[in-house]
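# Chains, contacts and geometry: an overview
Listed here are the chains, written in short residue letters.
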Amino acid sequence: MINDGEALVMERHRVIVSGIGVVTPIGIGRETFWEGLLAGRNGISRITLFDPSQFRSQMAGEVKGFHAEQWIDRKLARRMDRFTHFALVAADLAMKDAGLDAFPFDGRRAGVIIGSGIGGTQALESAHAELLAKGPRSVGPLVVSRVLINTAACMVSITHGLKGPLSAPSVACSTGANAIGDAYRILERGDADIMLAGGAEASVSPLPFAGFCATRAMSARNDDPERASRPFDKNRDGFVMGEGAGVVVLEMLDHALKRNAPVYAELVGYGNTADAYHLTAPEPEGDGMVRAMREALRDADVAAPDIGYINAHGTSTILNDKTESAAVIKVFGDHARRLKISSIKSMIGHLLAAAGAVEFAATVLSVSTGRIPPTINYEQPDPDCPLDYVTQGAESIELGAAMSQSFGFGGGNACLVVKRYEKKRKQSSQATSLQKI
C-alpha cells in the first residue's frame, strides 16, 4: 500500500477460478451439470419430498436420488440438515476439481464464505413437530447447529482444515454471488491464497414452500411442470423453486500457478448494490441492477461491448424478467441487442441462495469452453423482453468476457465479471483506490 498524496492505493492480486463443485437438479458434479445445461435437460417435476397436493404450486427442481450417506459419514450426516449436506458435497467436489485434495496448502491462508437464505428448514420443521407433540424435553441439542445458516460454511471449514476468513452471508437470492464477490475481495487484497465460496439451499419443504406460495411469486403451471419455468417468455407466471449448492475455489493467480492448478477463467469484477425499495419487488426502473452492472464493469476495467454473454438472473417472474431486460439495455445500449443472454433457471429452477453460485459456475464454464447454455421453454416473445435469450439450443461463440447477474428479495443486487484467462492482463489506466474496494 502506498500514499500518492491524494488517495491510498493498493496492489490488486489477480484471482482465478481453479475448482467447481455443484449439486443441482440436473446432476451432481461439474461434468454432469455442464452436459445437462448444454443439452437443455430439464430437472423440474412434481414434488416428491413432501405431499404438495394442497399447495398452490406443486413442482420444484429437486436433487433427485441424493443420499447424504453416499457422500458423508452416516453418523456425521445425521447431525446436519440437507442444505449442509449439499454444501459439503459441493465443496468436496470443488476441492478435488482444483487438485487441493492432494496438495499441502497452508490452511491458515485458506478460507470459506458459503451462505444460505433460509438454512435448515427441514430440521426446524421436524424439531417443531416434536416440540408440539412431546414437549420441550423432546428437542435435542443438535437442533440449533442443524438450523443455523453458518453451519454449512463452518462444516466445510472444519472438514478441510480451512482456518482463514470465515463468513456466511444471507442476502436472499443474491447470496451465492455475494459470497463469491466477498471472497474475491479478500484474495484481491492478498489476505488469503485460497477461498471456497458459494451458496447452499434446501427449502423444498412445507413451511417455506407455503410462504412462497402465499407471495404468488411461484408458477402454478402444475399440469406441465417441465415447461413451468420459462424466463423471458410472454406467458411466464412465476418462478419454480429449486434446491442444491454451488461452491467454487477462487485462488490468487500466483498461488495457483505455483502448484500447476487448473485455471478455468479469471474473476475480474464485482458490483454490489441495494434497491432500497421493497422487500419482494424490484425497483421499477431497475436502478439497483443498473448500478451493480456498471460497478462490476468499472471494477473489471472492461468496456460494455467487450461482454459477449450474460448469465441472467431470469427468474420467470413478470417483474424480474421485464426489469432485468430493461436494465441490460440501459447499461449496454445498442450492444444489448448483440449480447447472448440465457437463464439456466429454465432447467434447474430458482435455487434461491445457491442460485448465484451455480450460475456463476455456468458462466465460468461458458468463458472456458465458448459454449452458451440455452433458455428452454421459450415459446412466445414478450415485447418487454426484446433481447437474444438463446432459445434455440446451446450456441458456440468466441467469448472473452461474460457477466453473471443475481438480484434478490429485499433489493440486493450482485454482478460478477469473468474473463478468459490470459497470462498477461491489460492493466487499468488508474490505480485502484481503497474507496473503490
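Summary of the structure given here. (Residues numbered from 1 in each chain as written. Predicted model: local features only at pLDDT ≥ 70, side-chain atom pairs only at ≥ 80, totals over all residues. Heavy atoms only, no water.)

### Considering the overall build of the protein
When helices and strands are tallied, the protein shows 13 helices and 17 strands. Principal axes of the C-alpha set define a box for the protein whose edges measure 70 × 55 × 40 Å. Residues counted as buried form 59% of the 437 residues belonging to the protein. When contacts within the protein are restricted to residue pairs at least 6 apart in sequence, those whose partners lie at least 24 apart make up 80%. Of the roughly 17,600 Å² that the protein leaves accessible, carbon and sulfur atoms contribute 50%. Across the protein, 46 positive and 49 negative side-chain charges occur, with their mean positions spaced 2 Å apart. (Helix = DSSP H or I, 4+ residues; strand = E, 2+ residues; numbered from the N terminus. Buried < 20%, exposed > 50% of the residue type's maximum accessible area, 1.4 Å probe, protein only. Contact = heavy atoms within 4.5 Å. Areas by Shrake-Rupley, 256 points an atom, 1.4 Å probe, with all protein chains shown as cover. Lys, Arg positive; Asp, Glu negative; His and termini not counted. Charge placed at Lys NZ, Arg CZ, Asp CG, Glu CD.)

### Examining the pairing of strand 3 (residues 15-24)
The buried fraction of strand 3 is high, at 10 of 10 residues. Strand direction decides the pairing type here: strand 3 and strand 10 (residues 244-252), joined by eight bridges, are antiparallel. Counted as the bridge partner of G19 is V249 from strand 10. Bridge count between strand 3 and strand 11 (residues 265-274): three bridges; the pairing is antiparallel. The residue bridging V17 from the neighbouring strand is A265, located in strand 11. Relative to strand 4 (residues 27-28), strand 3 runs antiparallel, the two sharing two bridges. Within strand 4, the position partnered with V23 by the bridge is I28. (Pairing = 2+ DSSP bridges.)

### Digging into the layout of surface pockets
Here the second largest pocket defines a volume of roughly 430 Å³. T280, P282, T317, N320 and F409 are the residues nearest the centre of the second largest pocket, which is lined by 29 residues in total. Secondary-structure elements contributing two or more residues to the lining of the second largest pocket are helix 8 (206-215), helix 11 (318-332) and strand 16 (401-408). Per element, the largest residue contribution to the lining of the second largest pocket is three residues, and it comes from helix 11. (1 Å grid on protein atoms, 1.4 Å probe; cavity = no way out; pocket = protein on both sides within 12 Å on 5 of 7 lines; lining within 4 Å. Points joined across faces, edges and corners; volume = space filled by probe spheres on them.)

### What to know about empty space enclosed by the protein
Tallying each qualifying case throughout the model produces one cavity of 30 Å³ or more. Along the walls of the largest cavity sit F232, I310, A312, E324, S325, V328, I341, Y389 and Q405, which together make up its complete lining. It is helix 11 that contributes the most residues to the lining of the largest cavity, three residues altogether. Of the residues that constitute the lining of the largest cavity, the class distribution is six nonpolar, two polar and one charged. (Nonpolar A, V, L, I, M, F, W, Y, C, P; charged D, E, K, R; others polar.)

### Some points on helix 13 (residues 355-369)
In this model helix 13 runs 21 Å from its N-terminal to its C-terminal C-alpha over 15 residues, within 8% of the 21 Å that 1.5 Å per residue would give. When you tally the buried positions in helix 13, you get 13 out of 15 residues, the bulk of the element. In the stretch just after helix 13, G370 is the one whose phi turns positive, near 75°. (Expected span 1.5 Å × (residues − 1).)

### Examining the packing of helix 7 (residues 175-189) against helix 13
It is at 5 Å that the axes of helix 7 and helix 13 come closest, and there the two elements cross at 65°. Relative to helix 13, the element helix 7 lies roughly perpendicular. Contact residues: helix 7 offers G176, A177 and I180, while helix 13 offers G356, A357 and F360. (Axes fitted to C-alpha atoms, helices over the stretch in contact; angles between N-to-C directions. Parallel < 35°, antiparallel > 145°, perpendicular 65-115°, else oblique.)

### Quick notes on the environment of S366
Among the secondary structure elements, S366 is positioned in helix 13. Exposure remark for S366: the relative accessible area of 0% places this residue in the buried category. Separated by 33 residues in sequence, S366 and L399 place their C-alpha atoms 7.8 Å apart. Aside from chain neighbours lying at most four places away, what touches S366 is W34, Y309, R371, I372, P373 and L399.

### Digging into the packing of aromatic side chains
The relative placement of two aromatic rings is captured by the distance of their centres and the angle of their planes. If you walk through the whole model with that rule in mind, you get eight aromatic pairs. Ring geometry for F50 and F209: centres 5.7 Å apart, planes at 70°, overall edge-to-face. Note that F50 is positioned in the loop between strand 5 (45-46) and strand 6 (59-60) and F209 in helix 8, a separation of 159 residues in sequence. As far as burial versus exposure is concerned, F50 and F209 are alike and both buried. Here the aromatic rings of F212 and F239 are separated by 5.8 Å at their centres, their planes lie at 85°, and the arrangement is edge-to-face. Placement of the pair is F212 in helix 8 and F239 in the loop between helix 8 and strand 10, with a sequence separation of 27 residues. Neither F212 nor F239 differs from the other in exposure class; each is buried. In textbook terms, an aromatic cluster arises when at least three aromatic residues are bridged by ring pairs, as seen for F50, F55 and F209. Its end group placed over the ring of F103, R259 keeps NZ or CZ at 5.4 Å from the ring centre. (Phe/Tyr/Trp six-rings, centres within 6.5 Å; stacked < 30°, edge-to-face > 60°. Lys NZ or Arg CZ within 6 Å of the ring centre and 35° of its normal.)

### Topic: the nonpolar core
If you look at the biggest cluster of nonpolar residues, it comprises 50 residues, and the most contacted ones within it are I20, I180, L250 and F360. With nine residues, the single largest contributor to this core is helix 13. Those residues in contact with I180 that sit more than four places away from it in its chain are A197, G198, V248, L250, L267, A357, F360 and L416. Residues F105, I114, A200 and A202 belong to the second largest nonpolar core, which totals 34 residues. (Core = buried A, V, L, I, M, F, W, Y, C linked by side-chain atoms within 4.5 Å.)

### Considerations on the side chain of R12
With respect to the secondary-structure elements, R12 resides in the loop between strand 2 (8-9) and strand 3. Polar side-chain contacts of R12 include one of 2.5 Å to the side chain of E188. One polar contact links R12 to D299, side chain to side chain, over a distance of 3.0 Å. (Polar contact = N/O pair within 3.5 Å; in protein donor to acceptor, adjacent residues only side chain to side chain.)

### Points about the packing of helix 10 (residues 287-300) against helix 11
As a packed pair, helix 10 and helix 11 sit with axes 9 Å apart at the nearest point and diverge in direction by 45°. Overall, the two elements helix 10 and helix 11 adopt an arrangement that is oblique. Of the two possible hands of crossing, helix 10 and helix 11 adopt the one that is right-handed. Taken together, the residues of helix 11 that come into contact with helix 10 (itself represented by M289, V290, M293, R294 and L297) are N320, T323, E324, A327, V328, K330, V331 and F332. Considered class by class, the residues forming the contact of helix 10 with helix 11 number eight nonpolar, two polar and three charged. (Left-handed = near helix turned anticlockwise from the far one by under 90°.)

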